[in-house]
2 protein chains.
Amino acid sequence: MKIHACAAALVTACLLSSPAMAQFQKPEDAIKYRKAALTVLGSHFSRIGAMANGRVPFDATVAANSAAVVESMSKLPWEGFGPGTDKGDTRAKAEIWTEKAKFDEAAKTMQTEVAKLNQAAKTGSLDAVKAAFGGAAQSCKACHDAYRSN
Amino acid sequence: MKIHACAAALVTACLLSSPAMAQFQKPEDAIKYRKAALTVLGSHFSRIGAMANGRVPFDATVAANSAAVVESMSKLPWEGFGPGTDKGDTRAKAEIWTEKAKFDEAAKTMQTEVAKLNQAAKTGSLDAVKAAFGGAAQSCKACHDAYRSN
């Protein structure tokens, strides 16, 4: 039983591993990854939004947990925009690669804004969350408007 | 310009918000969320696996960062398995809901194992990572074998 479990783990380890010098085996893996990170980010961001705009009662713990997830996720998607990931199951616009410096700047702005939101959420104050939420939401929207197809 | 940005942020906030007492507006949102969290988890787990099985050189910082993402993601998917999320774009088997206690136990085991992996990765020791990786991989596989369709 133990040997079986160990062998299974090794098989899993092999199946799951990626080649040297590449975090993604195929461009579609990178696309799937960046979309997944942004999906998790968006889900938790919307929970904070619901509190910030008064649609659900403010729960400081929930807000702080979600803001921590948002900040953590904000660092991840960018490596998924490597060469060859402009085509496939994606709404990413070509401008991401043709205006790379601008895109990177927008990505950085978003990370800065959600870091502020996370700091705000840690204070446990709804007013602080409200104050930080607008800038963070705007940073999401600006990037989507410029770099995501509808 | 400032007013425009503020209005845009408010619109985004409204669009993103979810109704009271529900983290997900529709079952498909919950399914998309849980899959996204597991995709992010799997991507980072595979990076650690590549180091644990020697396919890429060990980088203690990369391993520690990925292990932290894995542990953080391991807490998220479960709320996405609520009522009504057994049908749709999902490979989740009916047993998740008919054997809920067993599924929850498997989910808990995975969280325990990846927490150990995260602790191991924090030490910076490849041997510690290798020792913890097998158990974590097995906890993924056990749950997939029992509760995920091929």
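What follows is about the overall build of chain A. Within chain A, the regular secondary structure consists of 6 helices and 0 strands. Scanning chain A from its N terminus toward the C terminus, one meets helices and strands in the order α-α-α-α-α-α. For chain A, with 150 residues in total, the buried portion stands at 42%. Sequence-distant contacts in chain A: of pairs separated by 6 or more residues, those separated by 24 or more amount to 71%. For chain A, the accessible surface area stands at approximately 7,700 Å², while carbon and sulfur atoms represent 60% of it.

We now examine the confidence of the model for chain A. Residue and element names in this part refer to chain A. When pLDDT is averaged along chain A, the result is 89, and 85% of the positions lie at 70 or above. Between residues 1-21, whose pLDDT stays under 50, and residues either more than four places distant or in other chains, the model counts 32 contacts. Interface confidence for the predicted complex, given as ipTM, is 0.84, next to a pTM of 0.85.

Residue and element names in this part refer to chain A. With respect to the helices and strands, serine 139 occurs in helix α6 (residues 126-147). What makes serine 139 buried here is its relative accessible area of 7%. At a separation of 2.7 Å, a polar atom in the side chain of serine 139 contacts the main-chain carbonyl oxygen of alanine 136. If we ignore the near neighbours within four places in the chain, the residues touching serine 139 are Thr109, Met110 and Glu113.

With respect to the helices, strands and loops of the structure, serine 66 of chain B is situated in helix α3 (residues 60-74). Ignoring any residue separated from it by four or fewer positions in sequence, one finds serine 66 of chain B in contact with His44, Arg47 and Ile48 of chain B.

Relative to the helices and strands, valine 129 of chain B resides in helix α6 (residues 126-147). In this structure valine 129 of chain B touches Ile48, Phe58, Leu117, Ala120 and Ala121 of chain B, once residues within four positions along its chain are discounted.

This brings us to a positive patch on the surface. Taken together, the side chains of Lys26 and Lys32 of chain A together with Arg91 and Arg148 of chain B define a basic patch exposed on the protein surface. With respect to the secondary-structure elements, lysine 26 of chain A resides in the loop between α1 (2-16) and α2 (27-52). Exposure remark for lysine 26 of chain A: the relative accessible area of 42% places this residue in the partly exposed category.

Aromatic ring pairs are defined here through the distance separating the ring centres and the angle between the ring planes. All names here are of chain A. Summed over all chains, the structure comprises 14 aromatic pairs over all chains. Taking 4.5 Å as the distance between ring centres and 20° as the angle between the ring planes, the aromatic pair formed by phenylalanine 45 and phenylalanine 133 counts as stacked. Highlighted residues: phenylalanine 45 in helix α2 and phenylalanine 133 in helix α6, separated in sequence by 88 residues. Three or more aromatic residues joined by ring pairs form one cluster here, namely Trp78, Phe81, Trp97, Phe103 and Tyr147.

Membership of the largest hydrophobic core comes to 52 residues, with the highest contact counts inside it found for Val40, Phe45 and Met73 of chain A together with Val40, Phe45 and Met73 of chain B. Setting aside residues no more than four positions away along its own chain, valine 40 of chain A makes contact with Val69 and Met73 of chain A together with Tyr33, Ala36, Ala37, Met73 and Leu76 of chain B.

All names here are of chain B. Going through the model one piece at a time under the given rule, you end up with 16 salt bridges over all chains. In this structure, lysine 87 engages aspartate 86 in a salt bridge whose closest nitrogen and oxygen atoms are separated by 3.7 Å. In this structure, lysine 141 and aspartate 145 form a salt bridge, with 2.6 Å as the shortest nitrogen-oxygen distance. Pair noted here: lysine 141 and aspartate 145 are both in helix α6, with a separation of 4 residues, about one helical turn. Judged by relative accessible area, which is 24%, lysine 141 ranks as partly exposed. Overall, aspartate 145 belongs to the partly exposed group, its relative accessible area being 47%.

Basis of the calculations
- Residues numbered from 1 in each chain as written.
- Chains lettered and ligands numbered in written order.
- Predicted model: local features only at pLDDT ≥ 70, side-chain atom pairs only at ≥ 80, totals over all residues.
- Heavy atoms only, no water.
- Helix = DSSP H or I, 4+ residues; strand = E, 2+ residues; numbered from the N terminus.
- Buried < 20%, exposed > 50% of the residue type's maximum accessible area, 1.4 Å probe, protein only.
- Contact = heavy atoms within 4.5 Å.
- Areas by Shrake-Rupley, 256 points an atom, 1.4 Å probe, with all protein chains shown as cover.
- pLDDT = per-residue confidence, 0-100.
- Polar contact = N/O pair within 3.5 Å; in protein donor to acceptor, adjacent residues only side chain to side chain.
- Patch = residues over 30% accessible without salt bridge, like charges linked within 9 Å, V, L, I, M, F, W, Y side chains within 5 Å.
- Salt bridge = Lys/Arg side-chain N within 4 Å of Asp/Glu carboxyl O.
- Lys, Arg positive; Asp, Glu negative; His and termini not counted.
- Charge placed at Lys NZ, Arg CZ, Asp CG, Glu CD.
- Phe/Tyr/Trp six-rings, centres within 6.5 Å; stacked < 30°, edge-to-face > 60°.
- Core = buried A, V, L, I, M, F, W, Y, C linked by side-chain atoms within 4.5 Å.

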